[in-house]
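What follows is each chain in one-letter form.
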Amino acid sequence: MKYEFKMPKMGFSEGDVTVTEWLKKAGDEVKEGDVVVEVQGEKLTNELEAEKTGTITEILVEEGTAVSIGTVLYTMEVK
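Residues numbered from 1 in each chain as written. Predicted model: local features only at pLDDT ≥ 70, side-chain atom pairs only at ≥ 80, totals over all residues. Heavy atoms only, no water.

> Is there a simple way to explain the pattern of salt bridges in this structure?
Oppositely charged side chains can form a pair if their charged atoms are brought close together. Evaluation of the coordinates by the stated rule reveals 2 salt bridges. Here Lys 25 and Asp 28 are joined by a salt bridge, their closest N and O atoms 3.4 Å apart. Its relative accessible area of 54% is what places Lys 25 among the exposed residues. Put simply, Glu 29 and Lys 79 hold a salt bridge, and the shortest N to O gap is 2.7 Å. Of the two residues, Glu 29 is situated in strand E3 (residues 29-30) and Lys 79 in the segment after strand E8 (72-78); the sequence distance between them amounts to 50 residues. For the pair Glu 29 and Lys 79, a shared accessibility class is recorded, and that class is exposed. (Salt bridge = Lys/Arg side-chain N within 4 Å of Asp/Glu carboxyl O. Buried < 20%, exposed > 50% of the residue type's maximum accessible area, 1.4 Å probe, protein only. Helix = DSSP H or I, 4+ residues; strand = E, 2+ residues; numbered from the N terminus.)

> What is the right way to look at the packing of aromatic side chains in this model?
Two numbers describe a pair of aromatic rings. These are the distance of the centres and the angle of the planes. Scanning the model with the defined rule gives 2 aromatic pairs in all. With a centroid separation of 4.9 Å and an interplanar angle of 10°, the aromatic rings of Phe 5 and Tyr 74 are classed as stacked. Of this pair, Phe 5 sits in strand E1 (residues 2-6) while Tyr 74 is found in strand E8, placing the two residues 69 residues apart along the sequence. Each member of the pair, Phe 5 together with Tyr 74, is buried. With 6.0 Å between their ring centres and 85° between their planes, Trp 22 and Tyr 74 make a pair best called edge-to-face. Of this pair, Trp 22 sits in strand E2 (residues 17-22) while Tyr 74 sits in strand E8, placing them 52 residues apart in sequence. (Phe/Tyr/Trp six-rings, centres within 6.5 Å; stacked < 30°, edge-to-face > 60°.)

> Can you walk me through the sheet that holds strand E7 (residues 66-67) in this structure?
Think of a sheet as strands paired side by side through backbone hydrogen bonds, with each pair either parallel or antiparallel. Taken together, 4 strands build an open sheet; the order of strands is E5-E4-E2-E7 and the sheet is antiparallel. Of all the strands in the sheet, just strand E5 (45-49) and E7 have a single pairing partner and so form its edges. Pairing of E2 with E7 involves 2 bridges; the strand directions are antiparallel. Along E7, the bridge assignment pairs Thr 18 with Ala 66. (Pairing = 2+ DSSP bridges.)

> Hey, could you run me through the nonpolar core in this one?
Judged by nonpolar contacts, the single largest core of 20 residues is most densely connected at Met 7, Val 19, Val 36, Leu 48, Leu 73 and Tyr 74. Counting residues per element, the ones that place at least two in this core are E1, E2, strand E4 (35-40) and E8. With 4 residues, E8 is the single largest residue contributor to this core. Beyond its immediate chain neighbours, meaning those up to four positions away, Met 7 contacts Val 17, Val 39, Leu 48, Val 67, Ser 68, Ile 69, Gly 70, Thr 71 and Leu 73. (Core = buried A, V, L, I, M, F, W, Y, C linked by side-chain atoms within 4.5 Å. Contact = heavy atoms within 4.5 Å.)

Below, the structure written as structure tokens:
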């Protein structure tokens with residue numbers, strides 16, 4: 001089953017955040033709770049964890065790109 005990971009709302013900020021580093025790549029298997037990507041907002045850098053267990057199929061946002069809440073960051077095939 002295909003799953004889309006969307007940029008969640010973080011804290012009180014509703015502005016854009018920047019994808020700073022991908023810690024996983026397409027083809028990597030991840031477990032729920034594994035850190036996949038780091039993003040930076042106005043004041044903080046946050047690590048975003050996988051919400052499901054499966055294989056990342058596609059990274060949709062390059063490092064250095066600003067995204068808003070709800071943007072699909074990556075897709076995965078859920079086990």
